[in-house]
Amino acid sequence: MPNTLPSKLPDVGSTIFTEMSALAQQCQAINLGQGFPDYPPPEALIQAVGEAMRQGYNQYAPMAGLPQLREAIASKVMAQHGRSYSTESEITVTAGATEALMSSLLALTHPGDEVLLIDPAYDLYAPAIRLAGAEAVRVPMRAPQAGDTTFRIDWNRMESALTPRTRMLVLNFPHNPTGLTLKTEDLDALEALIARHPILLLSDEAYEHIVFDGLAHLSPVSRAALAERTVLVSSFGKTFHATGWKIGYCCAPARVMAEIRKVHQFTVFSVSTPMQAGIARYLPEADLAELSGFYQKKRDRLLAGLKDTVLRPLHSEGTFFLLVDTRALGTEPEKTLAVRLTREIGVASIPVSAFYADPARPEANHSLLRLCFAKLDATLDQGLERLRGLEARMAG
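Residues numbered from 1 in each chain as written. Predicted model: local features only at pLDDT ≥ 70, side-chain atom pairs only at ≥ 80, totals over all residues. Heavy atoms only, no water.

What follows concerns the pairing of strand E8 (residues 248–251). Across the two faces of E8 the burial is the same, with Gly248 and Cys250 and Tyr249 and Cys251 all buried. The pairing of strand E2 (residues 91–94) with E8 spans four bridges and is classified as antiparallel. When the bridges of E8 are listed, Ile91 appears paired with Cys251. Two strands pair when backbone bridges link them, and strand E7 (residues 230–235) and E8 are joined in this way by four bridges, in the antiparallel orientation. Opposite Ser235, over in E8, you have Gly248 as the bridge partner. (Buried < 20%, exposed > 50% of the residue type's maximum accessible area, 1.4 Å probe, protein only. Helix = DSSP H or I, 4+ residues; strand = E, 2+ residues; numbered from the N terminus. Pairing = 2+ DSSP bridges.)

This brings us to the pairing of strand E6 (residues 200–204). Burial within E6 is extensive, with five of its five residues counted as buried. The alternating pattern of E6 places Leu200, Leu202 and Asp204 and Leu201 and Ser203 on opposite faces, both of which are buried. With five bridges joining them, strand E5 (residues 166–172) and E6 adopt parallel strand pairing. By the bridge assignment for E6, Val170 is matched with Leu202. You can see the chain leave E5, run along helix H7 (residues 184–196) and come back into E6, and the turn it takes is right-handed. (Right-handed = clockwise from strand over helix to strand, strands pointing away.)

On to the sheet that holds E5. On the basis of which strands lie adjacent, the open sheet formed by seven strands has the order E2-E8-E7-E6-E5-E3-E4 and mixed pairing. The open sheet terminates on both sides in strands that have one partner only, identified here as E2 and strand E4 (135–140). Ignoring strand direction, the axes of neighbouring strands in this sheet form an average angle of 20°. In this sheet, E7 lies alongside E6 in parallel orientation, the contact comprising four bridges. Counterpart to Asp204 in the pairing with E7 is Val233. Along the sheet, helix H4 (residues 96–108) contacts E2, E5, E6, E7 and E8; its crossing angle with E7, the most-contacted strand, is approximately 160°. In this fold helix H10 (residues 254–267) packs onto E2, E7 and E8, with an angle of close to 25° to the strand it touches most, E2. (Axes fitted to C-alpha atoms, helices over the stretch in contact; angles between N-to-C directions. Contact = heavy atoms within 4.5 Å.)

As a further point, take the domain arrangement of the protein chain. Taken domain by domain, the protein chain comprises domain 1 (16–34 + 288–395) and domain 2 (43–285). Just the C-alpha atoms count here: the centres of domain 1 and domain 2 sit 26 Å apart. Listed by partner, the interface residues are 25 residues for domain 1 and 33 residues for domain 2. Across the domain 1 to domain 2 interface the summed buried area is about 2700 Å²; carbon plus sulfur atoms make up 64%. Where domain 1 packs against domain 2, one counts two salt bridges. As a salt-bridge pair, Lys183 and Glu317 come within 2.8 Å of each other at their nearest N and O atoms. Put simply, domain 1 and domain 2 have 14 residue pairs in polar contact (both at pLDDT 80 or more) between them. Every element with two or more residues in the side of domain 1 that touches domain 2 is listed here: helix H12 (290–306), strand E10 (321–325) and strand E13 (368–372). Among the elements that make up the side of domain 1 that touches domain 2, the one with the highest residue count is H12 (six residues). (Domains from an automatic or database assignment. Buried area = accessible area lost by both parts, 1.4 Å probe. Salt bridge = Lys/Arg side-chain N within 4 Å of Asp/Glu carboxyl O. Polar contact = N/O pair within 3.5 Å; in protein donor to acceptor, adjacent residues only side chain to side chain.)

Locating Gly147 in the fold gives a position in the loop between E4 and helix H6 (155–160). For Gly147 and Ala357, which are 210 residues apart along the polypeptide, the C-alpha to C-alpha distance reads 27 Å.

Okay, here's the thing in structure tokens:
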């Protein structure tokens with residue numbers, strides 16, 4: 001064996017989520033960093049999975065997923081977006097949204113292709129693009145400015161980044177980490193862009209059922225022209241407070257799905273059979289509409305508590321994340337501050353700079369940290385209690 005092995009991802013180590021969660025555990029900190037709930041899935045869903053095991057759903061599922069789950073997904077997507085997908089050829093159940101995204105990128109992009117990412121971007125996308133031999137081209141959103149506490153997509157800048165090599169645009173709405181949602185005018189802009197540049201869209205919609213203040217989740221697949229070029233990805237882990245189950249799915253036109261399944265079958269082949277069966281039984285009776293209200297109460301609880309701190313929240317339209325402006329604590333790099341908050345205050349967060357290509361560059365540091373409010377009220381209250389008076393405590 002050679003003394004050194006060439007790496008396909010030489011500059012990639014543990015993710016920021018792994019790093020901050022390990023530090024939180026080491027420091028016995030309240031973990032408002034990594035996006036996982038600290039409460040269980042619905043009891044009826046747990047019972048459905050247990051019953052599936054007892055009924056014998058314990059061997060390999062079909063490669064594309066259990067037929068009854070694909071049928072339930074098709075019904076859900078039709079009711080939500082008005083888009084019909086064939087259960088035989090256009091829906092695949094995956095090992096979480098992560099595998100759906102990875103399989104899609106490996107199947108649909110090639111060496112020499114370019115893939116547009118909207119910065120700040122979830123950290124999976126760029127390494128997956130590189131493994132496929134393609135190149136990530138990062139197009140930053142307009143960062144929050146005085147009088148406007150939200151990120152904005154610059155569609156003119158997006159189109160300017162397109163070249164003859166552009167193969168795909170990755171979308172992630174509701175957006176992690178900013179909480180931004182797509183609006184009607186965004187879909188209009190996407191339709192105009194696709195008409196001029198017939199690229200593929202990979203739409204990561206893991207937080208599709210978590211939107212606030214009466215907003216509706218708008219997916220590209222709700223527009224016929226966009227749906228023909230879109231891979232829709234979602235996650236039952238996020239929807240049912242069961243991130244450790246790693247069950248997700250993707251929907252795409254048959255010609256596209258055929259390529260994705262080629263990679264899927266040699267990556268995991270199929271995913272947990274009893275959990276698929278349990279979700280298939282539970283999904284038709286699940287009240288997905290109540291999720292937004294459930295999480296809005298948690299968002300608002302965090303917002304109310306932050307009023308007693310020097311951290312200034314940005315507006316979150318969806319997901320279970322809230323960004324906070326930390327400029328009252330100085331201008332040190334976001335990661336440095338996140339580590340200090342974990343060690344000295346006992347509250348873990350995620351620096352937003354970690355969602356950019358180079359977290360150390362000034363343009364990646366907007367003095368913002370991401371907090372997760374998918375936590376028990378008691379956990380949120382304990383974290384807020386530690387954040388009160390943090391300015392004096394960190395200065396001292």
